[in-house]
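# Remarks on the overall topology
Residues per chain, in single letters:
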Amino acid sequence: MAAVKSMNKLYGVCVHAARRTAGLKASRLLQHRAFRVGAVQRQQPFDSSLEKPQFPGASAEFVDHLEFIQPNVISGIPVYRVMDRQGNIIDPSQDPQLSKEQVLNFYQKMTLLNTMDRILYESQRQGRISFYMTNYGEEGTHIGSAAALDPEDIVFGQYREAGVLMYRGFPLDMFMAQCYANADDLGKGRQMPVHYGSKDLNFVTISSPLATQIPQAAGAAYALKRENMNRAVICYFGEGAASEGDAHAGFNFSATLECPIIFFCRNNGYAISTPTNEQYRGDGIAARGPGYGMLSIRVDGNDVFAVYNATKEARRRAVAENQPFLIEAMTYRIGHHSTSDDSSAYRSVDEVNYWDKQDHPISRLRHYMTARNWWSEDDEKSWRKQSRKTVMEAFEKAEKRLKPNIELMFTDVYQEMTPNLNKQRDAMWRHMKQYKEHYPFELFDKEPISQ
Ligand SMILES: Cc1ncc(C[n+]2csc(CCOP(=O)(O)OP(=O)(O)O)c2C)c(N)n1
Ligand SMILES: [Mg+2]
């Protein structure tokens, strides 16, 4: 009993003490508030125009009229260009002054890409490969940007940037091996055609789901910044992919984490059959940059020098200042979206012809070269012949090559094969042996595989 009594007493003391403390705190708070109100009252007369917003989320001014911001405040972002459509330099101070050798290299890469596209597109039509995507009309965006980078910079592509990989030195044999999914393919035949990747050339393997590369690129750029190796990331995407949520995540992370990255949007007018006027309501993709706090520019993507200058400067500053840049390159997708598409269902032949004949990046560069006597009709003829021959040779070689060892289907995910994978592999062999007349074993590589 005595113990209970003393416990109750102790409890009473504690409660009393707690109430006293709470009471004291409350009255101090009230006093504090009262003091504040008093302080405000004593400040009369007061000039409200001197007040500044203190919110942590924005630096801005107060206004006393109700007005919604017009969406076209940032509208009609100009298109930076160096050459006119006839290949004349408009302002000599903007001429990148590339050597004849460099310009010829640009031209040869742009046209070689074009020739490779033609042959692989035809090969899909003939049923020799399963799928293909051409780059027609966008050659200037690829070569101009690739040339402005350092080979150590990391490239994250969408799928229509084969010219970037070509500029970096990916051989025709490797392009063909990937599209044919043969035993020489670096991806071991596991990916759809055009999903290239090259560790040696710092070109991250293409993923089909749109925009996945954008946050991945932001993460890679953050890692490069932490390594402090003077390297940058370039991340290519289409204006359609820019509508994905992943694009927002990538832009915002790059801006807030201050990453050395160039977001390079190829605005080619379409996302399969969706034209840009159904894709967005603002002023294209460049207009979004300021919203994320990114330095942004719109360039003429059919002017290889404009693309080169913009990328070079963005790359220089991205690394020097650790901040992201957004380049929107305006261009036009002359080909169908892919071999699974027929674009005549949603756009006119006249529209396509305009870009093919009047505003093409290859012809613009050719005008520039011709005006300097760097390129003649004969040069053109012999280059066309030679490049077609090289592409055809690579094509024929790839077609003859064996397919990868079938067992490679099960490797590379785990360091050691797991019991369920072993079971699946055994089941596959049982099935293949039972129905061997349906499987052309002789076309597959049988060399033992090394893991
Ligand atoms: C998440 C996702 N949604 C849809 C698709 C189907 N798809 C493939 S390409 C494409 C259009 C992309 O257009 P854009 O980004 O403008 O690139 P472009 O093809 O014009 O180069 C669509 C909708 C996809 N691959 N992934
Ligand atoms: Mg597009």
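Residues numbered from 1 in each chain as written. Chains lettered and ligands numbered in written order. Predicted model: local features only at pLDDT ≥ 70, side-chain atom pairs only at ≥ 80, totals over all residues. Heavy atoms only, no water.

In the nomenclature of an unreviewed UniProt entry, the chain corresponds to 2-oxoisovalerate dehydrogenase subunit alpha from the organism Gymnodraco acuticeps. Regarding the chain, the UniProt comment filed under Cofactor (unreviewed entry) reads as follows: "thiamine diphosphate". Word for word, the UniProt comment on the chain under Subcellular location (unreviewed entry) is "Mitochondrion matrix". (UniProt positions renumbered as here; feature names shortened; annotations may be inferred.)

The next thing to look at is the site of ligand 1. Surrounding ligand 1, one finds 17 residues, the nearest of these being Tyr159, Arg160, Ala241, Asn268 and Tyr270. Here Asn268 contributes a side-chain N or O atom positioned 2.8 Å from an oxygen atom of ligand 1. Separating an oxygen atom of ligand 1 from a backbone N or O atom of Tyr270 is a distance of 2.7 Å. Protein chains shield 73% of the accessible area of ligand 1, which is 590 Å² for the free molecule. Across the shell around ligand 1, the residue classes break down as seven nonpolar, six polar and four charged. (Near = heavy atom within 4 Å. Polar contact = N/O pair within 3.5 Å; in protein donor to acceptor, adjacent residues only side chain to side chain. Areas by Shrake-Rupley, 256 points an atom, 1.4 Å probe, with all protein chains shown as cover. Nonpolar A, V, L, I, M, F, W, Y, C, P; charged D, E, K, R; others polar.)

Here we take up the pattern of salt bridges. Applying the stated criterion to the full structure yields 25 salt bridges. Here Glu399 makes a salt bridge to Arg128, at a shortest N to O gap of 2.6 Å. Note that Glu399 is positioned in helix H13 (residues 377–400) and Arg128 in the loop between helix H2 (100–125) and helix H3 (139–147), a separation of 271 residues in sequence. Glu399 sits in the partly exposed class, given a relative accessible area of 30%. The partly exposed category is assigned to Arg128, whose relative accessible area is 40%. Where Glu321 meets Arg317, a salt bridge forms, and the shortest distance between an N and an O atom there is 2.9 Å. (Salt bridge = Lys/Arg side-chain N within 4 Å of Asp/Glu carboxyl O. Helix = DSSP H or I, 4+ residues; strand = E, 2+ residues; numbered from the N terminus. Buried < 20%, exposed > 50% of the residue type's maximum accessible area, 1.4 Å probe, protein only.)

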